[in-house]
Number of protein chains: 4
Amino acid sequence: MFAQNPVFIPGPTNMPEVLRRAADMPTLDHRSPLFAQILHPALAGVKTVLKSEDAEVFIFPSTATGGWETALSNTLSAGDTVLAARHGMFSHRWIDMTRRHGLDVRMIEAPWGEGVPADRFAEALAADTAHRIRAVLVTHNETATGVRSDVAAVRRALDASNHPALLLVDGVSSIASMDFRMDAWGVDVAVTGSQKGFMLPAGLAIVAFSPKAMAATATATLPRTYFDIRDMAKGYPNGAYPYTPAVGLLNGLKLSTELLLAEGLENVFARHRRIADGIRAAVAAWGLELCAARPDLYSDTVSAIRTPEGFDATRIVTHAARHYDVAFGVGLGEVAGKVFRIGHLGSLTDVMALSGIAAAEMAMADLGLRIELGSGVAAAQAVYRRAPAAALRAAA
Amino acid sequence: MFAQNPVFIPGPTNMPEVLRRAADMPTLDHRSPLFAQILHPALAGVKTVLKSEDAEVFIFPSTATGGWETALSNTLSAGDTVLAARHGMFSHRWIDMTRRHGLDVRMIEAPWGEGVPADRFAEALAADTAHRIRAVLVTHNETATGVRSDVAAVRRALDASNHPALLLVDGVSSIASMDFRMDAWGVDVAVTGSQKGFMLPAGLAIVAFSPKAMAATATATLPRTYFDIRDMAKGYPNGAYPYTPAVGLLNGLKLSTELLLAEGLENVFARHRRIADGIRAAVAAWGLELCAARPDLYSDTVSAIRTPEGFDATRIVTHAARHYDVAFGVGLGEVAGKVFRIGHLGSLTDVMALSGIAAAEMAMADLGLRIELGSGVAAAQAVYRRAPAAALRAAA
Amino acid sequence: MFAQNPVFIPGPTNMPEVLRRAADMPTLDHRSPLFAQILHPALAGVKTVLKSEDAEVFIFPSTATGGWETALSNTLSAGDTVLAARHGMFSHRWIDMTRRHGLDVRMIEAPWGEGVPADRFAEALAADTAHRIRAVLVTHNETATGVRSDVAAVRRALDASNHPALLLVDGVSSIASMDFRMDAWGVDVAVTGSQKGFMLPAGLAIVAFSPKAMAATATATLPRTYFDIRDMAKGYPNGAYPYTPAVGLLNGLKLSTELLLAEGLENVFARHRRIADGIRAAVAAWGLELCAARPDLYSDTVSAIRTPEGFDATRIVTHAARHYDVAFGVGLGEVAGKVFRIGHLGSLTDVMALSGIAAAEMAMADLGLRIELGSGVAAAQAVYRRAPAAALRAAA
Amino acid sequence: MFAQNPVFIPGPTNMPEVLRRAADMPTLDHRSPLFAQILHPALAGVKTVLKSEDAEVFIFPSTATGGWETALSNTLSAGDTVLAARHGMFSHRWIDMTRRHGLDVRMIEAPWGEGVPADRFAEALAADTAHRIRAVLVTHNETATGVRSDVAAVRRALDASNHPALLLVDGVSSIASMDFRMDAWGVDVAVTGSQKGFMLPAGLAIVAFSPKAMAATATATLPRTYFDIRDMAKGYPNGAYPYTPAVGLLNGLKLSTELLLAEGLENVFARHRRIADGIRAAVAAWGLELCAARPDLYSDTVSAIRTPEGFDATRIVTHAARHYDVAFGVGLGEVAGKVFRIGHLGSLTDVMALSGIAAAEMAMADLGLRIELGSGVAAAQAVYRRAPAAALRAAA
């Protein structure tokens, strides 16, 4: 009753105390000049994290789902055609949103466990000589399946056809944890939230628009007010906000980007990679397989783990929560009951990751799966060990 | 540099430490049963605060502006006619939103300082025998002018014509601080946010739908996904949320309603009334006038104070912030430069109110207004004093 | 840089957030009646945790070392004889304090790893027919060696000789984590602190005096003011304190005892026992031995683990801190370099304990010890698993 | 029930949130190198605040009363003679402590409201040609009467007789708020605590020893362990502490000194002076008098205010607490019932001070004292106003 284990859901993540405190601010007059001292560095920090020189960043009191809506409603008009792949629950939902907003979506179905099929996108774009496709939607990291897609390949597909469609990318569970190159990949709108790589509470939709996407806002006629970036764009330079901002979360975002950039983005990515490698080593030691079809698709922020045929994977999640007070993620949609997920993004250490692996082992063994206790831990420890003994002795 | 004066802006308000802590939660798995233990009492608590038996409450990670959009997009379709009065900055903005969403607004202009003209609404409704007006919009408490409107009178106007239009009410700066009777007034959609009477950080849009408004969602065709209450309505009974909820703020809202109801709603309203009476006594002692035209319009949560002709009221706000570290509200829109505002809602004591009055006095005197130092404080003290000396001596 | 691993030092312990918040209070006037509402339940709670009906509890802004001084200076006079055993760093230090205060200590040396030699105490007390020994000092749980001594046996030794000496017990690292029976064992003064079983920051010395010890204060002439319990005893009934109290820590102590008693003391002890059993299973799996000589001496709050001859155990602590950001305890005094310590008291879960075991394994392996990675984790998991698979399947 | 008024007791003071957070640290291993990174700057910061180049600073988990005991027990032996004046409750208590520790105190009675009688000290020292007086005790700021004494004058008295006695100074309610010059005044031991000028929770005794006082520790034979500075002096250079330190409070002290020095000590003193001037202007406007006999004795951290003959001043404190939730200080000892006290040290703004004045006015008026509401506020506002209107207009 007294203690708090880390969580292993793929967001919201564990939060560093320093960020919780930055977000838990006393009330500040958001119409005073103090607000710009929070907003402007937060915007600049996000832009750097996105590796962009040209993007304009907008932040809404919302979640990333609101960020999806921002991306669509500010760049498109009813009846516009968009191209998207459905290969997991979150790509599914974004597609659902396009329909609710009256867009005409060309949906390519791909297996859950595969990434965005850049080759089929390439075909579709090449065939669209009339340029009816106004936007291509990509889910960079499918949180439901633990799959990272190749955004650069989609950009190449666009460029190969010299196609003018906008490239809208959901980077919710990748940005700030895995490499994301807004400018290099020619991303036109990038969407994320506060509660993943930025390690904050949920409550901010963070979106970035390329100059080309900014230009598209002039002709987009989907109705929008709350998520209208034009009001934001007008106010930001003066530190003004079109309605009451979530000042504390913005202050947290400011500090989060400062911490990430102080650590170094490549170090942050390498840290996520190392922790993910340990989790994957544990999965292999257990004799289980990832939902992600191939190593080049493996996500460094979440692993969806297939359980044996006939076993309801959701029981692991329920059991671990009830008996060990440890939260994992259930399978969603088409992989419900077939996978359970270990989130490994945000504020996590190797040692915390080991505790999650150990908890998963106990839960699986309790439920009758043939898991050797300690096997996954040992495999991950081999990844996490800092140095071989010989080197350490030499250095002593 | 060390100390924190109370703020006197009309929201976000001063926050009780206990609510800040409730909102500043460690990460909890929102897909676990724990979430319902937060969500359900928060929803029930809001319903009780609204004095409703029948409403369904929905809460979005957003602000009250998103609540406005929720009200419109879930009940109306493009081209629908709505009736609204423009008599302050916030009624102005809601009207602007109706236009951006393609609604046809019949706007009645009223002086800034007046309330909603229920009589003119009655005329318009009576004349609308074809029932083209689908919704009537009312700003219960105009935060820009410190004016409380008579919602019950608008309901009477609707009933007098037996008009079926929905009654949509912005209660952002009234709900949880001043009496609001959703059922008794026949309000169909009530809108508020977390950062006013609920004394929390900004970040939640709180909306309540009457059964009639719920029914209207079936035919409303304005595009919506993020603010679609149908997804919320479907998930809530199971403690499910259509996307990542702002768990901490919901936990804060749960506690806020518990605290408000433990104090007793009528006691909460009386407290706001008493503090407001003190502020108004100070304004009278200064020889100044409120923007609100008549006492029956006076808001108990914010006072907009007219300054003498030729004097830029904004200077008071700037000066108080710079020299006394005290935040007041500037005039907005048509009353910019003509009024400054003292917010007196949320977590505030008589003693804190006196410090705001004292700060305003110093700022006004510094800027050359003929204000007798201490005069407003003395007038407010007379309101706030707990008991006459004789009674106290007798009781000793 | 972002995350906080649990600590595995034998105090201060990991702190539940709810206790940190209780201790982190805004300033309260300690001369107002509010203070008694904190002090009185804190005192009563401690008394219940001590399983005492008769003791008077006193709490000083200090640490447990000040509690030792309180015990001595309130019951003894310069030149008085005391009986004590030296079998670890903390018994050593208390003996040192007796000398600095001019007491005449009869010190019995016991091996570090053994408990208090009750039989040799019995001999000494039986031989002391003149009753020159005024007090017997017992370290209930030697934090340096992970040894729990048998206080009841010392009581029996006193009773066997019908010896009137006071029984002063250091329960710093046992009270609130392991069974402690002040009345049943005839303890005259019990000493502890806030930062161990009570899971709070360091800063409170907590002492309890039996009626017999209270009587002794009248004749004790060791100089004392700050630690004089007479001033405390005089003020407490009125909620008065002889100087400025540490209000926040007292508030934390109040809540801590409430949480402990709500869980149930025997459940708290069983929890510590279970977690300790897991740690001990890991040590056995590593092929290492505890400093504690026999199972009946094993402490449930701290394990001191002997490393192989010729290996400097302190390197494990240094290495784990530097490379894994995990804090263990070094060996102290005679066992410096020979043992490292894992603290497992206070706010700790099975899953957190597993992370400490995993970190220790990596550190030892890195340093060249023949430790099979995962072996200790697996052994502890077997202890921590909630239920066999069959039973769970049946229950499903 | 929701709000927190500032406190106006003369310590513990209002605490800046940033300091509360610095003090509310997660557990850190105090035996790791991290601890020195907190301890060393805290010690250095205190030394700078004391304006000393030569002193050694020691910090105990204790309160300032423990600091008094540290001063006595480390420099004196039983039977030693000390010279002290009794002119308030806190000087009274320190004298009481000297007796309990077997010292021979030559007590000079002075009226409560007067400072230390340096002239009578000079006579006593001049007459003590045998140099039996080993220490002179001075209470720099008598918190009970709001009187600041002239430490430099006592130093001159010592020097005039070329007397070798140590100069021990209680600076509990002056240090870090009013000018204190350890080296310039030849102070040998300075004593303070965490909960006054340093704006932290109670829990640290902070003492500084001059080289001469350090030398005296070698011959001092009063028994001491917990408060023995020799153990501290030995460990500090290595970041070691003789027992468990209050790490969080030390971290708070580190930050407190950083904030104070960033503001500039003279600015801190001037801020206290300005706020005190406002309080004193209010007292004069009320037609009341301070307990302090003359302006050169006025304390800048606490004002003790005499109420009319026949009126029980304590009623003001009780009434303000009950009806306005505002804490003032009661009169203590000889001035109990004759004065009430307004503490005005630590984290306080002009605006907060005005709220305390306003609350006091209401309480006094409620109780039948002839106090014109607003009169004290107006007098203080005149002190606190930042600039005359003309100058402001010119600058606009």
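Reading guide: rules and limits
- Residues numbered from 1 in each chain as written.
- Chains lettered and ligands numbered in written order.
- Predicted model: local features only at pLDDT ≥ 70, side-chain atom pairs only at ≥ 80, totals over all residues.
- Heavy atoms only, no water.
- Helix = DSSP H or I, 4+ residues; strand = E, 2+ residues; numbered from the N terminus.
- Rg over C-alpha atoms; globule rule 2.2 N^0.38 Å.
- Buried < 20%, exposed > 50% of the residue type's maximum accessible area, 1.4 Å probe, protein only.
- Contact = heavy atoms within 4.5 Å.
- Areas by Shrake-Rupley, 256 points an atom, 1.4 Å probe, with all protein chains shown as cover.
- Lys, Arg positive; Asp, Glu negative; His and termini not counted.
- Charge placed at Lys NZ, Arg CZ, Asp CG, Glu CD.
- Salt bridge = Lys/Arg side-chain N within 4 Å of Asp/Glu carboxyl O.
- Buried area = accessible area lost by both parts, 1.4 Å probe.
- Polar contact = N/O pair within 3.5 Å; in protein donor to acceptor, adjacent residues only side chain to side chain.
- Nonpolar A, V, L, I, M, F, W, Y, C, P; charged D, E, K, R; others polar.
- UniProt positions renumbered as here; feature names shortened; annotations may be inferred.
- 1 Å grid on protein atoms, 1.4 Å probe; cavity = no way out; pocket = protein on both sides within 12 Å on 5 of 7 lines; lining within 4 Å.
- Points joined across faces, edges and corners; volume = space filled by probe spheres on them.
- Pairing = 2+ DSSP bridges.
- Least-squares fit on C-alpha atoms with pLDDT ≥ 70 in both.

**Some thoughts on the overall build of chain A**
Per the secondary structure count, chain A includes 14 helices and 13 strands. Taken against the 2.2 N^0.38 rule, which gives 21 Å for 396 residues, the C-alpha radius of gyration of chain A at 21 Å falls within 12% of a compact globule. The C-alpha extent of chain A, read off along each of the three principal axes, is 60 × 50 × 45 Å. Counting the 396 residues in chain A, one finds 70% classified as buried. Considering only contacts in chain A between residues 6 or more positions apart, those separated by 24 or more positions represent 73%. Split by element, the accessible area of chain A, about 12,400 Å² in all, is 52% carbon and sulfur. Within chain A, the 39 negative side-chain charges are centred at a point lying 1 Å from the centre of the 37 positive side-chain charges.

**Some thoughts on the pattern of salt bridges**
Evaluation of the coordinates by the stated rule reveals 116 salt bridges over all chains. Notably, a salt bridge pairs Asp231(D) with Arg100(C), separated by 2.7 Å at the nearest N-O pair. Within this pair, whereas Asp231(D) is found in helix 8 (residues 229–235), its partner Arg100(C) is found in helix 4 (residues 89–100), the two belonging to separate chains. Taking the relative accessible area as the measure of exposure, Asp231(D) reaches 23% and is therefore partly exposed. Via salt bridges that share partners, Asp96(A), Arg100(A), Arg224(B), Asp228(B), Arg230(B) and Asp231(B) belong to a single interconnected network.

**A look at the interface of chain A and chain D**
Interface size, as often reported, equals the accessible area lost upon joining of the parts. Residue-level contacts link five residues of chain A with five residues of chain D. Surface buried jointly by chain A and chain D totals about 380 Å² across both partners, of which 29% is contributed by carbon and sulfur atoms. Applying the counting criterion to the chain A and chain D interface returns two salt bridges. Between Asp24(D) and Arg21(A) there is a salt bridge, and its shortest N-O distance comes to 3.0 Å. For the interface between chain A and chain D, the tally reads three residue pairs in polar contact (both at pLDDT 80 or more). Taken together, the residues of the side of chain A that touches chain D sort by class into two nonpolar, no polar and three charged.

**Observations concerning the UniProt feature "domain: Aminotransferase class V" (unreviewed entry) in chain A**
Taken from the UniProt record, the annotation "domain: Aminotransferase class V" (unreviewed entry) applies to residues 30–281 of chain A. Across residues 30–281 of chain A, the secondary structure splits into 41% helix and 18% strand, with the terminal C-alpha atoms separated by 48 Å.

**Examining the layout of surface pockets**
Reported here for the second largest pocket is a volume of approximately 390 Å³. Along the wall of the second largest pocket there are 17 residues; nearest its centre are Asp231(A), Tyr241(A), Pro242(A), Arg93(B) and Arg100(B). Sorting the residues of the lining of the second largest pocket by element identifies helix 8 (229–235) of chain A together with helix 3 (64–73) and helix 4 (89–100) of chain B as the ones contributing at least two each. Among the elements that take part in the lining of the second largest pocket, helix 4 of chain B stands out by supplying six residues, more than any other. Grouping the constituent residues of the lining of the second largest pocket by class yields seven nonpolar, five polar and five charged.

**Some remarks on the sheet that holds strand 11 (residues 302–306) of chain D**
All names here are of chain D. Across the sheet, which stays open at both edges, the four strands sit in the order 10-11-13-12 with antiparallel pairing between neighbours. The open sheet terminates on both sides in strands that have one partner only, identified here as strand 10 (289–290) and strand 12 (329–330). Bridging between strand 12 and strand 13 (residues 339–343) involves two bridges; their strand directions are antiparallel. Bridging across to strand 13, valine 330 finds its partner in phenylalanine 340.

**A look at the side chain of Thr75(A)**
All names here are of chain A. Locating threonine 75 in the fold gives a position in the loop between helix 3 (64–73) and strand 2 (81–86). Judged by its relative accessible area of 2%, threonine 75 falls in the buried class. Within the local environment of threonine 75, its side chain forms a polar contact with the backbone oxygen of alanine 71, the two atoms lying 2.7 Å apart. With residues near it in sequence (within four places) discarded, threonine 75 still touches Leu166, Leu168, Val189, Phe209, Ala213, Ala216 and Ala220.

**A short note on the relation of the copies chain A and chain D**
When chain A is brought onto chain D, the operation consists of a screw motion whose angular component is 180° and whose axial shift is 0.0 Å, with 0.0 Å RMSD remaining. This pairing of chains is accounted for by a two-fold axis. In terms of proximity to the rotation axis, the leading residue of chain A is Arg21(A), whose C-alpha is 4.2 Å off the axis.

**Observations concerning the UniProt feature "binding site: substrate" (unreviewed entry) in chain A**
All names here are of chain A. As recorded in UniProt, the sites labelled "binding site: substrate" (unreviewed entry) are Arg341. With respect to the helices and strands, arginine 341 occurs in strand 13 (residues 339–343). A polar side-chain atom of arginine 341 sits 2.8 Å from the main-chain carbonyl oxygen of threonine 143.

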